[in-house]
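Reading the structure
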Protein chains: 2
Amino acid sequence: MEKLGRGTIKFTNPPKIISHACIVGKKEGEGPMGELFDRIEPDEYFGQDNWEQAESQFQSAAIDLCLEKCGVKNSDLDAAVGGDLLNQCTATSFAVKQLDAPFLGVYGACSTIAESLISASLLVDGGYGDYVLASAGSHFCSAEKQFRTPLEYGSQRPPSAQWTVTGAGAVLLGGTGKVSITAATVGTIVDRGITDANHMGGAMAPAFAHTITAHLRNSGAKPSDYDAVFSGDLGVIGMDITRELLRQEGINLSDNYHDCGEMIFDREKQDVHAGGSGCGCAASVLCAYILPKLESGEWKRVLFTATGALLSPTTVLQGESIPCIAHAVELRSENK
Amino acid sequence: MEKLGRGTIKFTNPPKIISHACIVGKKEGEGPMGELFDRIEPDEYFGQDNWEQAESQFQSAAIDLCLEKCGVKNSDLDAAVGGDLLNQCTATSFAVKQLDAPFLGVYGACSTIAESLISASLLVDGGYGDYVLASAGSHFCSAEKQFRTPLEYGSQRPPSAQWTVTGAGAVLLGGTGKVSITAATVGTIVDRGITDANHMGGAMAPAFAHTITAHLRNSGAKPSDYDAVFSGDLGVIGMDITRELLRQEGINLSDNYHDCGEMIFDREKQDVHAGGSGCGCAASVLCAYILPKLESGEWKRVLFTATGALLSPTTVLQGESIPCIAHAVELRSENK
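As a starting point, this report considers the structure included with it.

Rules used throughout
Residues numbered from 1 in each chain as written. Chains lettered and ligands numbered in written order. Predicted model: local features only at pLDDT ≥ 70, side-chain atom pairs only at ≥ 80, totals over all residues. Heavy atoms only, no water. Least-squares fit on C-alpha atoms with pLDDT ≥ 70 in both. Contact = heavy atoms within 4.5 Å. Buried area = accessible area lost by both parts, 1.4 Å probe. Salt bridge = Lys/Arg side-chain N within 4 Å of Asp/Glu carboxyl O. Polar contact = N/O pair within 3.5 Å; in protein donor to acceptor, adjacent residues only side chain to side chain. 1 Å grid on protein atoms, 1.4 Å probe; cavity = no way out; pocket = protein on both sides within 12 Å on 5 of 7 lines; lining within 4 Å. Points joined across faces, edges and corners; volume = space filled by probe spheres on them. Helix = DSSP H or I, 4+ residues; strand = E, 2+ residues; numbered from the N terminus. Buried < 20%, exposed > 50% of the residue type's maximum accessible area, 1.4 Å probe, protein only. Pairing = 2+ DSSP bridges. Right-handed = clockwise from strand over helix to strand, strands pointing away. Expected span 1.5 Å × (residues − 1). Bend = angle between axes of the 7 residues up to and from the residue. Phe/Tyr/Trp six-rings, centres within 6.5 Å; stacked < 30°, edge-to-face > 60°. Lys NZ or Arg CZ within 6 Å of the ring centre and 35° of its normal. Axes fitted to C-alpha atoms, helices over the stretch in contact; angles between N-to-C directions. Nonpolar A, V, L, I, M, F, W, Y, C, P; charged D, E, K, R; others polar.

A word on the relation of the copies chain A and chain B. Superposition of chain A onto chain B requires a rotation of 180° combined with a translation of 0.0 Å along the rotation axis, giving an RMSD of 0.0 Å. Accordingly, the operation relating the two chain copies is best matched by a two-fold axis. Across chain A, the rotation axis passes nearest the C-alpha of A:V106, at a separation of 2.0 Å. Residue by residue, 100% of the interface of chain A is reproduced at the interface of chain B, so both copies engage with the same surface.

Next up, the structure:
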């Protein structure tokens, strides 16, 4: 690998995406991307006893399907990297323990799938692994229960609130595949003082703008060099703030700018307010929508930048502001 | 880097330890290692409003001291890697945001300093970074409050309980230094069905045994090749179980086997039951005790394997077993 600038890594042996899979819940399946997901699980408990186990099961099932698609066995895995939103990332630990494979747990809130891809890429690029897995997931019910109020309260959600995606994505990296990860930018924590846990888009937008600015500057690229530039889950309010912040930096995102959280639900019909969020949001849109377009060659080059709000229920109650981060992964089609 | 076997990485350009620092609380300062820590902070609040902020402050101060010792500025940092035990790893996010540097958050419970060192080593070995920081910390009060019962309850602790270390350690990796990281083994999650959150040593011992067995097998080393083999925070009960488990594998750990949790407190006088624990335990013993012996050349080769119990308060209440992990880092003295 090579350092292109602070935070930005150019991979010398760009890891390829061997396989990927995503599994989402009923509401996500009813959204505009419904037909694109590998599987829609209608049971919010996914056959488990509680929402936390269900969240784990979504990630576990996505991993199993990802490996099944390419015929790679658990025992072939050189390592797995993953995380989630639950306290102490337990959804991932319980999902991954069945793999019986070397594991690096990461925490980047909703930016986790991008951080997992970066860490997995370090292992593949460096020559350690032939098969390294990256995964992330989230669950609406466990997230609301943990971060906000018990669902049974029926609390009213403000217009800036986002809807945590129930779902998970898994991506297997290695030496062969139709999409490669050519570069990445490790994000810097940015905290502009927002304290409202129902205004994640506004909190995360400056972190996204920071990472995009760094990635473009360090790699010498312009937004128009990409077929698509994705943020993770800024939602519609965060997208507006992002456009304004980047305009101040002289960067104009045009029609090729999208947000996974804005795309995954139909905001008119699905009552999700500002859009989707959660580790499973960017992870499932990556697997269901972005990677297939790169595999087919319809898109040649994409900048995928997942965004995370690094708050906890405790820091919110203590009145702390919300530190945020965004990690960028540059994807290229190998389908010339 | 090179793969020596499943989970085990040999670094081609072994990262050197440029600088390190640790800051601990009053009780740790009164223990047998009291004189070795860089700083003892007598105020459990560290001048902050609450224990969570204090935990963050310990890590922040350790990072600042680590950089100050070697004259490296925040703006010189290529990246920071770190984590802690708090929900959503907020102690680290708040500690690191002042650095204004690219950041990868990791979660490995009490194994975090080893996982941070491994991830930081991937960046340095691969040629991305000249200055990459690894850090971890914990706080007794915030950990008890979060994982067990409020301190005000005065709950009685069983003999197998361990005492979470208040403290943090930070290590700066790069191209120069008297100690190098030559190899590492990424741990595999092992869960032998223990559900008692006051019996961490017993829960973690099988994960430690798994990692040690893999590291020795993959690297072709014997325990006697090391001046010292360290576990993170198994405590005395976990150490006994470890010795027995490894004996069954034909591996005999002799007098060169130590545990950071066993060493950091005086169990006779300090009422800590089975020993110390927490991310700050292995991190501060590494910085205060292990690295100086390697720097002086008294020790030539050490296997440092921090251990983590990946439970959450929720999974414990739900009756789940405790998934555990251990990550190994091989350290060599450059003082020939």
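There's more to say after this.
Here we come to the interface of chain A and chain B. With 60 residues of chain A in contact, the opposing surface of chain B contributes 60 residues. For the chain A and chain B pair, buried surface summed over both sides reaches about 4,900 Å², with 57% attributable to carbon and sulfur atoms. When the buried surface of chain A facing chain B is broken down by residue, A:R6, A:Q88 and A:Y128 rank first, second and third, together holding 16% of it. Measuring nitrogen to oxygen at the nearest pair gives 2.4 Å for the salt bridge that ties B:K97 to A:D191. At the boundary of chain A and chain B, one finds 27 residue pairs in polar contact (both at pLDDT 80 or more).

Space left empty within the atom packing is revealed by a probe, the size of a water molecule, rolled over the atoms. There is about 790 Å³ of room inside the largest pocket. Taken together, 33 residues make up the lining of the largest pocket; nearest its centre are B:K145, B:Q146, B:F147, B:R148 and B:P313. Of all the secondary-structure elements, those providing two or more residues to the lining of the largest pocket are α5 (140–147) and α11 (313–317) of chain A together with α5 (140–147) and α11 (313–317) of chain B. The greatest single-element share of the lining of the largest pocket, amounting to 5 residues, is contributed by α5(B).

Looking now at the pairing of strand β11 (residues 228–231) of chain A. Residue and element names in this part refer to chain A. Here β11 shows two buried faces, one formed by A228 and F230 and the other by V229 and S231. Sheet analysis places β11 next to strand β14 (residues 301–309), joined by 4 bridges and oriented parallel. Each bridged residue has a counterpart across the sheet, and for F230 the counterpart in β14 is F304. Where β11 meets strand β12 (residues 257–259), 3 bridges bridge the pair, whose relative direction is parallel. Bridge pairing in β12 links V229 to Y257. The handedness of the β11 to β12 crossover, carried by helix α7 (residues 235–248), is right-handed.

Right, let's talk about helix α10 (residues 279–296) of chain A for a bit. Side chains that are three or four residues apart share a direction in an α-helix, a result of its 3.6 residues per turn. Residue and element names in this part refer to chain A. The first and last C-alpha atoms of α10 sit 25 Å apart over 18 residues, in line with the 26 Å expected at 1.5 Å per residue. A bend of about 45° at L286 is the largest found in α10. Counting buried residues in α10 gives 15 out of 18 residues, a clear majority hidden from the surface. G297 sits one or two positions beyond α10 and adopts a positive phi of about 90°.

This part covers the packing of aromatic side chains. If you walk through the whole model with that rule in mind, you get 14 aromatic pairs over all chains. Arranged with centres 6.0 Å apart and planes meeting at 20°, the rings of B:Y45 and B:W51 form a pair that is stacked. With 4.7 Å between their ring centres and 75° between their planes, B:F46 and B:F58 make a pair best called edge-to-face. Residue B:F46 is located in the loop between β4 (39–41) and α2 (51–70), and its partner B:F58 is located in helix α2; the two are separated by 12 residues in the primary sequence. In this structure, B:F46 and B:F58 share a single accessibility class: buried. We note A:K293 situated over the ring of A:W299; from NZ or CZ to the ring centre the distance is 5.5 Å.

Time to look at the packing of helix α4 (residues 112–125) of chain A against α10(A). Between two packed helices, both the angle of their axes relative to each other and the distance between the axes serve to describe the pair. Residue and element names in this part refer to chain A. Between α4 and α10, the shortest axis-to-axis distance is 7 Å and the interhelical angle comes to 60°. Of α10, the residues touching α4 (which contributes T112, I113 and L117) are C279, A282, A283 and L286. For the contact of α4 with α10, the per-class residue count stands at 6 nonpolar, 1 polar and no charged.

Attention now goes to the environment of B:E44. All names here are of chain B. Considering the arrangement of structural elements, one finds E44 in the loop between β4 and α2. For the pair E44 and L122, spaced 78 residues apart in the sequence, the C-alpha separation amounts to 35 Å. Ignoring anything within four residues of it in the chain, the contact list for E44 reads W51, A54, H139 and C141.

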